[in-house]
Amino acid sequence: MGLEPIREETDTGADRRAPNESGVEEDDRPAAKDVAPSWTIEQSEELYRIKGWGEPYFSINAAGHAIVSPKGERGGSLDLYELVQALKLRDLGLPLLIRFSDILEDRIERLNACFAKAIARYKYPGSYRGVFPIKCNQQRHLIEDLVRFGEPYQFGLEAGSKPELAIALATLKTPGALLICNGYKDRAYIETAMLARRLGQTAIVVLEQVEEVQIAIDAARSLGIDPVLGVRAKLTSKGIGRWGGSSGDRAKFGLTIPEIVRAIEQLEAANMLHCLQLLHFHIGSQISSISVIKDAIREASQIYVSLAQSGAQMKYLDVGGGLAVDYDGSKTNFHASKNYNMQNYANDIVAEVKEACQERDLPVPTLISESGRAIASHQSVLVFDVLGTSEVCTDLPEPTQEKEHLILRNLYETYRAIAVENYQEAYHDAIQFKEEAISLFNFGYLSLRERARAEQLYWACCRKIQAIVGEQEYVPDDLEDLEKIMASIYYVNLSVFQSAPDSWAIDQLFPIVPLHRLDEKPNIRATLADLTCDSDGKIDRFIDLLDVKSLLELHPLHPDEPYYLGMFLGGAYQEIMGNLHNLFGDTNTVHIKLTPKGYQIEHVVKGDSVTEVLGYVQYDAEDLVESIRKQTEQALQEGTITLQESQRLLRNYEQSLSGYTYLNS
Ligand SMILES: *Cc1c(COP(=O)(O)O)cnc(C)c1O
């Protein structure tokens, strides 16, 4: 039997290295098995699970940099680290949102290809015509790209409000593409949608509320237009997880079956039943389990055929959104993942609907899906830098002296005696002595210096215990938090509230990966803290194969060298839901397109300046400057400021008003 292999995840390895026969430590020969291999990019790929969530767009190159292949498998890639460096030279400071229009195009192609394949496979005698729900990302350049990329597939848009309808009407020019009108509607919304048919738009008004039925009937009558109407059903099949409430009997949207029956009667009485042509449902976003999707399709298919049999001229079945994104790459039904792929999704929809229609000898509908997350998530990468770190004191403590306070001597003795046999007990002793030291301080029996020493000794104990815990197979429950307590904090140039609101609001996970040094072992485990003065402005939940991890592996900072992190898969929902907490505004955004020679910057959208965010809360920059000017004049007269100082203050003030809301680094 050979020697047990030495575990490689321990810190230096130097002290455990077996000396070779001559007793000389080898340093440059990888001959001996027990020399820890240097870190490889494959290890980084595995650690950050890049293949799981990033394929085919994100990977690592030989230089240890994250790269993007915006066209997926069709080739061409960009080094993200170098791209960021180049953009910084163009005065595009971090945080920076980089959008890859090629990824958007690839996502649209993929979704359409999956449905085309499913339609061929099941010989579905109908077609697929998807729409993009504008609410996922309303940015003009993105919507314009999307409409253009969608042209070959007659890809349309879904609007959920009057402003989104305004966007859709002005932007969608693809003949035959659908414009699905969802959301709460008043007369003006419904009329606008109906009149849009006169412009050649295939606008479909989906009735979501009982009241909308009569408004639609009245509007159609007064306009003399035969509209195409849809109805949103409240399914009993429920999505699970965060958006489970989007369906079910008490859901906020849609009509119950009795309400649908009433609506049919109302439309029939108005001689408009032929206008009802679409059935819509949406059971929630990020549906992780394919079985939930199947149940919903089954129920909806039955409602569809029943509507067709009741005399409505049914033509469309709209399965809503819900197609999930695998944020942690685990391919499971965990909320941050999904246990199916896009092709499974398309197959199940196509097969189920075909079967339901064939059983009743009915023509199959045109299938519509409203996938937002699955289309928009991958196209953008948020790049931000680390401003600094905070670590717990790691100095080795000096032995205590005879004359030092008993509590300090106890702490030192605890520290000294820590061993494999007693580490758990020692941990509790250390905590108790530290707490005692703090009460002694509070009662005036310990000086500030002594308290500092007590805390230093406590952290030294924790570090020594942590090293032992790291070697154990089994970690006692009460020590599980130790690593978290000891973790470093990396301060990042970012507002979670602005750039990743779902991470704060609903604990959503986004993959976060350093953009460089991926060929170097990330031997620090840290949480991230953002720029806001809010203790919620942090990220301490990260993707992992099993469940979620509370610390992210990162590299130690090098002095005078930036450290860039990328947050991935945040292209849906985050931008518009981001808020101005602490007045950190929109980030800079660039649109990058791959070219045969490299890339081209299609658009630059400068982030908010301080003046702009102040304007949102009704401050006028000129008034503000004027106020400071008056104060400096006053101070000059009173002799409390020099002319030079006053000029400098005003210059700084004015410059900060026109600058970015984030830190320049
Ligand atoms: C939000 C929403 C969508 C988009 O859902 P995703 O899960 O992001 O694809 C689609 N349809 C309706 C009605 C929605 O409200």
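In the nomenclature of an unreviewed UniProt entry, the protein is known as Biosynthetic arginine decarboxylase of Oxynema aestuarii AP17. Under the Function (unreviewed entry) heading, UniProt states for the protein: "Catalyzes the biosynthesis of agmatine from arginine."

(A) Inspection of the overall build of the protein at higher detail. The number of helices and strands found in the protein is 22 helices and 23 strands. Reported as C-alpha extents along the three principal axes, the dimensions of the protein are approximately 100 × 90 × 60 Å. Looking at the protein residue by residue over its 665 residues, the buried ones come to 52%. Taking the contacts inside the protein whose residues are at least 6 apart along the sequence as the reference set, 74% of them involve residues at least 24 apart. Surface exposure of the protein reaches about 31,600 Å², of which carbon and sulfur atoms provide 50%. Computed over 66 positive and 97 negative side-chain charges, the inter-centroid distance for the protein is 6 Å.

(B) Region of the structure containing the UniProt feature "modified residue: N6-(pyridoxal phosphate)lysine" (unreviewed entry) in the protein. Using the residue numbers shown here, the UniProt feature "modified residue: N6-(pyridoxal phosphate)lysine" (unreviewed entry) corresponds to K135. Mapped onto the fold, K135 is located in the loop between β5 (131-133) and α5 (140-150). The residues contacting K135, other than those within four sequence positions of it, are E164, Y573 and I576.

(C) Inspection of the domain arrangement of the protein at higher detail. The domain architecture assigned to the protein consists of domain 1 (101-379) and domain 2 (622-658). Relative placement of domain 1 and domain 2: their C-alpha centres are 58 Å apart.

(D) Looking closely at the site of the ligand. Near the ligand, the surroundings consist of 17 residues, among which K135, S285, E370, G372 and Y573 are the closest. Measuring from an oxygen atom of the ligand, one finds a side-chain N or O atom of S285 at 2.5 Å. Taking E370, its side chain carries an N or O atom lying 2.5 Å from a nitrogen atom of the ligand. Notes on the ligand: free accessible area 390 Å², of which the protein chains cover 92%.

(E) Broad picture of the sheet that holds strand β6 (residues 156-159). The parallel open sheet is built from 8 strands, whose spatial order is β5-β6-β7-β8-β9-β10-β11-β12. At either margin of the open sheet sits one strand with a lone partner, and together these are β5 and β12 (366-368). Sheet twist, expressed as the mean angle between neighbouring strand axes with direction ignored, is 25°. Of the pairings in the sheet, the one linking β5 to β6 comprises 3 bridges and is parallel in character.

(F) Main features of the sheet that holds strand β3 (residues 78-79). The antiparallel open sheet is built from 3 strands, whose spatial order is β1-β2-β3. Looking at the sheet topology across the chains shown, the edges are occupied by β1 (58-60) and β3. In the sheet, β1 pairs with strand β2 (residues 66-68) via 3 bridges, with the strands oriented antiparallel. When the bridges of β2 are listed, F58 appears paired with V68.

(G) Focus on the UniProt feature "binding site: substrate" (unreviewed entry) in the protein. Following the UniProt record, one finds the feature "binding site: substrate" (unreviewed entry) at L317, D318, V319, G320, G321, G322, L323, A324, V325, D326 and Y327. Within the secondary structure layout, V319 lies in the loop between β11 (316-318) and α11 (342-359). The exposure class assigned to V319 is buried, which follows from its relative accessible area of 4%. Apart from the residues lying within four places of it in its own chain, the contact partners of V319 are F281, I297, Y345, I349, I368 and S369. Note that V325 resides in the loop between β11 and α11. Look at V325 and you get buried, because its relative accessible area is 1%.

Criteria and cut-off values
Residues numbered from 1 in each chain as written. Predicted model: local features only at pLDDT ≥ 70, side-chain atom pairs only at ≥ 80, totals over all residues. Heavy atoms only, no water. UniProt positions renumbered as here; feature names shortened; annotations may be inferred. Helix = DSSP H or I, 4+ residues; strand = E, 2+ residues; numbered from the N terminus. Buried < 20%, exposed > 50% of the residue type's maximum accessible area, 1.4 Å probe, protein only. Contact = heavy atoms within 4.5 Å. Areas by Shrake-Rupley, 256 points an atom, 1.4 Å probe, with all protein chains shown as cover. Lys, Arg positive; Asp, Glu negative; His and termini not counted. Charge placed at Lys NZ, Arg CZ, Asp CG, Glu CD. Domains from an automatic or database assignment. Near = heavy atom within 4 Å. Polar contact = N/O pair within 3.5 Å; in protein donor to acceptor, adjacent residues only side chain to side chain. Pairing = 2+ DSSP bridges. Axes fitted to C-alpha atoms, helices over the stretch in contact; angles between N-to-C directions.

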